[in-house]
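# An overview of the molecular structure
Read off the chains here:
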Amino acid sequence: MAQLRPGLLSAARMSDVRGTSSFSAARASVLASVLALVVALVSHAARAASPEPGVKPVSLDLFVMSQCPFALGADASVRELALKFGSNVDVRLDYIGQAKADGMLASMHGQAEVQGDIAQLCAQKHLARWHDFIACQNEDPAEVALSHGACTERVGGSVQRMRTCIEGPEGKALLTESFKRAALRGASGSPTFFVAGERYEGGRRTADLGRAVCAAYVGPKPRACAEFPEGPRVDVAIVTDARCPDCSPGRLERALRRLLVNPRFRRLDYGTPEGKKLHDAAKLARLPAAVFGSGLDADKLAAETLTPFLRAEGPWRSLDEGATWDPRCVDPGGCKLAGCDKLLACRPEAPLRVELFVMSQCPYAVRALDSLHEVMTELRHKDVTLDVRVHYIGDGDETKGFGSLHGKPEVDEDLRWICAAAHYPKKARYLDYVWCRADAIDEAARAACASPTTGFDAAVIEACATGDEGKRLLSRSFAYSDELGIGGSPSWIVNGRYPFTGIDRDTIRRELCRRNKLPGCPAPTPAPTAR
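Attention here is on the structure that accompanies the text. In this convention, every chain numbers its residues from 1, walking through the sequence in written order. Where totals are concerned, whole chains, interfaces and linings use all residues; where local detail is concerned, this predicted model gives features only for residues with pLDDT of at least 70, and gives and counts side-chain atom pairs only at 80 or more. To get the side-chain values, all heavy atoms of the structure are used, and hydrogens and water are removed first.

## So, the pairing of strand β14 (residues 387-392)
By definition, two strands form a pair when at least two bridges between them are found by DSSP. Numbering of helices and strands starts at the N terminus; helices are DSSP runs of H or I of at least 4 residues and strands are runs of E of at least 2. Judged from the 6 bridges that link them, strand β13 (residues 353-358) and β14 form a sheet pairing that is parallel. Each residue of the ladder has a partner; that of Arg-353, found in β14, is Asp-387.

## Remarks on the sheet that holds β14
Strand order in the open sheet formed by 4 strands is β14-β13-β18-β19, with mixed pairing between adjacent strands. At either margin of the open sheet sits one strand with a lone partner, and together these are β14 and β19 (498-500). Taking each pair of neighbouring strands and ignoring which way they run, the sheet shows an average axis angle of 20 degrees. Pairing of β13 with strand β18 (residues 491-494) involves 4 bridges; the strand directions are antiparallel. Its bridge partner lying in β18, Leu-356 is registered against Trp-492. Axis angles are defined between N-to-C directions and span 0 to 180 degrees, where every axis is a line fitted to C-alpha atoms and, for a helix, only to the segment in contact.

## Section: unusual backbone geometry
Following Ser-190, the chain continues into Pro-191 via a peptide bond in cis, with omega recorded as 5 degrees. Its place among the elements puts Pro-191 in the loop between α8 (169-184) and β6 (192-195). Look at the link from Leu-287 to Pro-288: it is a cis peptide, with omega at 0 degrees. Position of Pro-288 among the secondary structure elements: in the loop between α11 (273-281) and β10 (289-292). In the Ramachandran plot, Ala-196 falls in the positive-phi region, its phi being about 55 degrees despite a non-glycine side chain.

## Structural notes on the environment of Leu-256
With respect to the element layout, Leu-256 can be found in helix α10 (residues 249-257). Burial here depends on accessible area, computed with a 1.4 Å probe over protein chains only, as a share of the maximum for the residue type. Under 20% is buried, over 50% is exposed, and the range in between is partly exposed. For Leu-256, a relative accessible area of 0% puts it in the buried group. It is 9.1 Å that separates the C-alpha atoms of Leu-256 and Ala-302, two residues lying 46 residues apart in sequence.

## Section: the state of the cysteines
Note on terminology: pairs of cysteine sulfur atoms within 2.5 Å are recorded as disulfides. Counted by the stated rule, this structure contains 9 disulfides. What pairs with Cys-513 in a disulfide is Cys-521, and their sulfur atoms sit 1.8 Å apart. Cys-513 gets classed as buried once you look at its relative accessible area, which sits at 8%.

## As for the packing of aromatic side chains
By convention, a stacked pair of Phe, Tyr or Trp rings (six-membered ring in the case of Trp) has centres within 6.5 Å and planes under 30 degrees apart, an edge-to-face pair has planes over 60 apart, and any other such pair is tilted. Using the criterion set out here, one finds 10 aromatic pairs in the structure. Judged by centre distance (5.9 Å) and plane angle (20 degrees), the rings of Phe-357 and Tyr-480 are stacked. Placement of Phe-357 in strand β13 and of Tyr-480 in helix α19 (residues 468-483) is noted, with a sequence separation of 123 residues between them. One exposure class covers both Phe-357 and Tyr-480, and it is buried. When the ring of Phe-402 is compared with that of Phe-478, the centres are 5.6 Å apart and the planes differ by 85 degrees; the resulting orientation is edge-to-face. In this pair, Phe-402 sits in strand β16 (residues 401-403) while Phe-478 sits in helix α19, placing the two residues 76 residues apart along the sequence. By relative accessible area, which is 24% here, Phe-402 ends up partly exposed.

## Section: the sheet that holds strand β7 (residues 198-200)
Strand order in this open sheet of 4 strands is β3-β2-β6-β7, and the pairing throughout is mixed. Each end of this open sheet is capped by a strand with a single partner; those strands are β3 (89-95) and β7. Between one strand axis and the next, the sheet turns through 25 degrees on average, direction left out of account. When strand β2 (residues 58-64) meets β3, the two strands line up parallel, connected through 7 bridges. Opposite Asp-61, over in β3, you have Arg-92 as the bridge partner. Most of the contacts of helix α9 (residues 206-216) go to β6, to which it runs at about 30 degrees, and overall it touches β2, β6 and β7. For this analysis, residues touch if any pair of their heavy atoms sits within 4.5 Å.

As structure tokens, then:
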């Protein structure tokens, strides 16, 4: 999921989101330079080091996509650990993607990424300095499909052997097996870590990973563990509400694990005396929320990072960034309280309504739209029509101007999509235009989406998109998404009340079934009720 204006926690969990479609060239260049230096050192140290007596190596598995920008920083941390631990840590790099029934291989960022994955797997098999090879490719991740020759020459390997592997059946077989390993481990986000076979969700700094690796040794630990002592303990209470269907306290906990060196979590429910007491004492506004004791100050870096986002009340400091659930609103008579009318739980039920919040150039939104098309087609065959409404995520308004995560081209596309909805609303015809535009790659192909054969008038849509009408429409859409606290693309709301996230057909179908009585579905889940 792409995120607009990532706050503290959304930034911390960006990799849970499944990759991204673009990133800063300057940032990538800096990361690549750091990575190249680290990897060059690692290649030398790893060859020279030998396992320390009595130490049983710990496995450190990293699952990535070769064009994912977040993988660059993860690679740097892992390779720095390899430098420090040498043969006492067993590093393995695998790749995330799909092996289709017809044998075709696919990855989030397209076929160029597939070729990059293959090149890096071939390097791991055929090049002694494969760390250096990957560092070379990471200097320009956009070119991973083409840079294998130059990078092989740089590290001193056989260009012909690498080309044979990459272009022949060997490379495809290596990636097919790598994809299978990722699937078996449930690794779908880049990067995903496993330490000693267990999924690791803590911080990605070298120090964080080093502590996790050292904690995993059975018996003697290597000398390098002296550099990674256990950090200060921070007690964190996660306050949630069992009536909230989408509070996801686990997500908040995972995000904090990436910031805190040595957290100790406990969960409290608002419906219990202890949970209600802490909720009231800390004056929590929304749930789920994290409540910190005084121990936070001992973790200096985390405290410095978190403090601007914390609310102080007596001895308590709390964090509820992005939370939207006010438990008082769901208590008896709660919807009459000030501000509760905007809470999703206080909205009237709207059966079969599906609201989708997107950034038009977000690759996950495109996949979500394709999946929605499949679900709508299935339901039409069962005489069921959904009330689909597409909203947009961004900054600004018609007076100040607009901004979006993927820049002006995304704003321009948002305007076209929303104008198509305004001028072709009958039976949601505009969705045919949106699906066409989302699937097209270049502007020449996109032009075919509005033509006499499609029934969409390009002049009508462009006049709206470049004029005041489009600005008013997009301004309202951005404001609506912001009012609901929605910043991730794609995000969904079913029946006007129930949010969820997902990009695949099964998830969309399941959430529709949970809230609606549909052919082939189990009984819908009842709405949260007041105690």
